[in-house]
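Examining the three-dimensional arrangement
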Amino acid sequence: MIEVVEYQPSWPVRFAVLRDAYAAALDAAGAPYRSIEHVGSTSVPGLAAKPVIDVDIVVGAGDVAAAVAALSTIGFEPRGDLGVPDRQAFRTPERFAPSNTYVAKVGSLSLRNHLAVRDVLRADPALRDEYAAVKRRAAAEAEDIDDYIERKSEVLARILLAGGLSDRERAAITATNRRITGRGAGG
């Protein structure tokens, strides 16, 4: 079962706690980073979401290993890119759950995808509300998480178009999502 709940004002507060803990670990390890971004649906005021905080730690290409090592010092277990280029994922320690944390290379498509969705939905209440309705319906009808992701793909493509991603970039994101869900790039 996929849980989508109404927007919670506590989500930005929870992100701030995570951001501060991650920054402290990165700083203590001397791991350079550009920013720590609240992404995903919980980062959009008014948007229904799965109640999991998504965080992208943005680093230069040469700083990925240092950031991964720094997060390991506070209990994160590296899981590799999980099929998403230029992004490193982690198994989250209980004290930071529920969250998904990624180290993303500055300028990468995975980062630009996350930021475009967040920024477009923050700026367009009608599209935000449409996306919320799609998410609620998908959560109620989907057989599993893969089906849930697929049911959102049409509106997400429009959000990414509004965010300035090219046809090629949107196709690459769709292909990656389908590959991850086991549906194959051809659908």
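Since the structure is predicted, the reported quantities are computational estimates derived from the model, not experimental observations.

1. Some thoughts on the confidence of the model for the chain
Overall, the predicted model of the chain reaches an average pLDDT of 94, with 97% of residues at or above 70. A low-confidence stretch, residues 183–187 stays under pLDDT 50, and its non-local contacts, those more than four residues away or across chains, total 10 contacts.

2. Quick word on the packing of aromatic side chains
Scanning the model with the defined rule gives five aromatic pairs in all. Ring centres of Tyr7 and Trp11 lie 5.3 Å apart, and the angle between their planes is 85 degrees; on these two criteria the pair is classed as edge-to-face. By relative accessible area, which is 6% here, Trp11 ends up buried. Both rings, one in Tyr22 and one in Phe76, keep their centres 5.4 Å apart while their planes meet at 85 degrees; by these two values the pair is edge-to-face. Here Tyr22 is found in helix H1 (residues 10–29), whereas its partner Phe76 is found in the loop between helix H2 (64–72) and strand S3 (77–80), with 54 residues between them in sequence. An identical accessibility class is assigned to Tyr22 and Phe76; each is buried. Ring-pair connections join several aromatic residues into one group, and the members of that group are Tyr22, Phe76, Phe90 and Phe96.

Parameters and conventions
- Residues numbered from 1 in each chain as written.
- Predicted model: local features only at pLDDT ≥ 70, side-chain atom pairs only at ≥ 80, totals over all residues.
- Heavy atoms only, no water.
- pLDDT = per-residue confidence, 0-100.
- Contact = heavy atoms within 4.5 Å.
- Phe/Tyr/Trp six-rings, centres within 6.5 Å; stacked < 30°, edge-to-face > 60°.
- Buried < 20%, exposed > 50% of the residue type's maximum accessible area, 1.4 Å probe, protein only.
- Helix = DSSP H or I, 4+ residues; strand = E, 2+ residues; numbered from the N terminus.

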